[in-house]
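Survey of secondary and tertiary structure
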Amino acid sequence: MSFDVIIRGGTVATASDIFACDVGIKAGRIVALGENLGDATEVIDATDRLVLPGGIDSHVHFAQPSGPGIVMADGFETGTRSAAFGGNTTVMPFCLQKKGESLREALKNYHAQAAGNCYIDVSFHLIIADATEQVLGQELPALIKDGYTSFKVFMTYEGLALSDLEILKVMAVARETGAIVMVHAENYDAIRFLTDRLEQGGHTAPRFHGTSRPIPVEREATHRAISLAELVDVPIMIVHVSNRQAMEEIQRAQARGLKIYGETCPQYLVLTERDMDGAGMEGAKYVCSPPPRDLESQKACWEGLQLGTFRVFSSDHCPFRYDDPEGKLAPKGRSSFRWVPNGIPGVATRLPILFSEGVSKGRIDLNRFVALSSTNHAKTYGLYPRKGTIAVGADADIAIWDPNRTVTITHDLLHDGCDYTPYEGRVVTGWPVLTMVRGTTVVRDGQLVGRKGAGGHLARGAPIPGI
Ligand code: URP
Ligand code: ZN
Ligand code: ZN
């Protein structure tokens, strides 16, 4: 057989195996794994390189409507471009339903923004902000059939938080239709109470963002979300878990056999609340929710990754420019931490940080890296085995890594729409040197060679349970 592409001489790793072999690709799919495969239009030399499934980042925000006067720094063009530079081949952005809006309208708008602009594949989760009878009874079940098999609910945030009753109703739809619910677990009333108290005391600097959302706020909501899911018997993903107490809630639920999954993110492995201490508004660069915690919380999150408590490792890329009144320096007169848009960029740095801090430093092995960065995302959100592995028949979504390359992270390497990275100056070992989506190279040696519009939207199936 003659191939379109052969990746030759590399070490292939999946979530379960590591083996030396060549990869033969035809019409965007992997069609052969072996030696001496023969001829190809293009041969990519992967000697001394790792050949891994392309990263799947199942938690990113692009072009998401934010508070008044606030604009997200990445749309689909810059967001998917940056993701490709970070070794990703699929991202899963959220399609946010605004109050009063139908889910179909929200999706139409997101698809219009994504169409023709993506460098890599995308697949939307839904955010349910208005759980009306029409949404729950008609729209959501129909959309699940159309392949939108996951949706997020918020327990906090003005205009987004759902009541427990509403969350139960959303969970019931997921139960009936075989979908999965992602939960942002923080106690809204507790945050409002603490925020008011802090402001009354004149404590308005960015670092008080952390004080306004301490660990019990997250732990309580995590416990409540799990209890609600238990009542309905539905799988849920507790997203962006930041600390041991919340993680232990998940562990207890898993030990009781509940289908409760966990996600953590780079900010909870390498940042702390001290990063929000910077002079003036500098700390705003690190404001996200839940906030980065302390060294003990970092240790706990590593344990969760090692043990499988966390099924996925995502970026929660939610970019706002720093030096911009439409970004972190919120509009004039809104100088309290309360108004700093929540979220930090990270779609390009997620995998280098996990590889460097995890694989290179011996905290996790290569198979777990692949599971956490790609395979488990595909399984959890209904993309497996088309995505998330290197196997005959799978899409040729591949990242070639130089495991020994040492890189100092600087914002100019990331190619996003933001004007900073929270990880500026951090030195990592291990770097993606080539990203390929369905057999076509998108990024090679730090150069964008892909075509805008080559990435498409993926309909998904039901989640595959299990760790
Ligand atoms: O601060 C964060 N995490 N912003 C992004 C939105 C979310 O809650 O995931
Ligand atoms: Zn969230
Ligand atoms: Zn998020």
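It should be noted that the structure appears before, not after, this text.
I will try to describe carefully the structure that is included in this document. Counting restarts for each chain: residues are numbered from 1 in the order of the written sequence. Here every chain gets a letter starting at A, and every ligand a number starting at 1, in the order they are written. In view of the model being predicted, local features appear only for residues whose pLDDT reaches at least 70, and side-chain atom pairs are presented and counted only at 80 or more, with totals across whole chains, interfaces and linings using the full set of residues. To get the side-chain values, take all heavy atoms of the structure and skip hydrogens and water.

1. Here's the deal with the side chain of S297
In this description a helix means any DSSP run of H or I spanning at least four residues, a strand means any run of E spanning at least two, and both kinds are numbered starting from the N terminus. Here S297 is to be found in helix α10 (residues 295-307). On the basis of relative accessibility, which here comes to 4%, the residue S297 falls in the buried class. Here's how the labels work: a residue is buried when its accessible area is under 20% of the maximum for its type, exposed when over 50%, partly exposed in between, all with a 1.4 Å probe on protein chains only.

2. Observations concerning the coordination of the zinc ion (ligand 3)
For the zinc ion (ligand 3), every protein donor is listed as H59 (NE2), H61 (NE2) and D316 (OD), and the spread of their distances is 2.0 to 2.1 Å. Only N, O and S atoms count as donors, using a 2.8 Å limit from the metal and a wider 3.2 Å limit for Na, K and Ca, and since water is excluded some coordination spheres may look unfilled. Site shape is set this way: if four donors have all angles between 85 and 135 degrees, tetrahedral; if opposite donors are over 155 degrees apart and all others between 65 and 115, square planar for four donors and octahedral for six; otherwise irregular. Metal-centred angles of 91 to 123° between the 4 donor atoms at the zinc ion (ligand 3) mark the site as tetrahedral. Using a relative accessible area of 0% as the deciding quantity, one classes H59 as buried. Given a relative accessible area of 4%, H61 falls into the buried group.

3. Some words on helix α12 (residues 366-380)
With 15 residues, α12 should cover 21 Å at 1.5 Å per step; its first-to-last C-alpha distance of 20 Å lies within 8% of that length. Here a polar contact means two N or O atoms within 3.5 Å. Within protein one must be a hydrogen donor candidate and the other an acceptor candidate, and residues neighboring in sequence count only if both atoms are side-chain atoms. Near the N-terminus of α12, the side chain that reaches the backbone nitrogen of N367, with its oxygen 3.3 Å away, is that of D365. Downstream of α12 by one or two residues, G382 has phi in the positive range, about 75°. Multiplying 1.5 Å by the helix residue count minus one yields the expected span of that helix.

4. Regarding the coordination of the zinc ion (ligand 2)
Four donors placed tetrahedrally around a metal ideally meet at 109.5 degrees, and six donors placed octahedrally ideally meet at 90 or 180 degrees. Only K152 (NZ), H184 (ND1) and H240 (NE2) from the protein coordinate the zinc ion (ligand 2), and they sit 2.1 to 2.2 Å from it. Written as a sequence motif, the donor arrangement for the zinc ion (ligand 2) is K-x31-H-x55-H. Taken as an interatomic distance, the gap from the zinc ion (ligand 2) to the zinc ion (ligand 3) is 4.0 Å. With H184 in strand β13 (residues 180-184) and H240 in the loop between β14 (236-238) and α8 (244-255), the pair connects residues that are 56 residues apart, well separated along the chain. Of the two residues, H184 and H240, neither departs from the other in class, the shared state being buried.

5. So, the pattern of salt bridges
Here, a salt bridge means any Lys or Arg side-chain nitrogen found within 4 Å of an Asp or Glu carboxyl oxygen. Enumeration according to the criterion identifies 32 salt bridges in this entry. A salt bridge links R29 to D395; its shortest N-O distance comes to 3.6 Å. In this pair, R29 is assigned in strand β5 (residues 29-34) and D395 in the loop between α12 and β17 (398-408), connecting sequence segments 366 residues apart. Judged by its relative accessible area of 2%, D395 is buried. Of the charged contacts in the structure, one is a salt bridge between E357 and R363, with a shortest N-O distance of 3.0 Å. One connected set of salt bridges, linked through shared partners, spans R29, D121, R386, K387, D395, D397 and R438.

On their own, these measurements won't tell you what the molecule is for.
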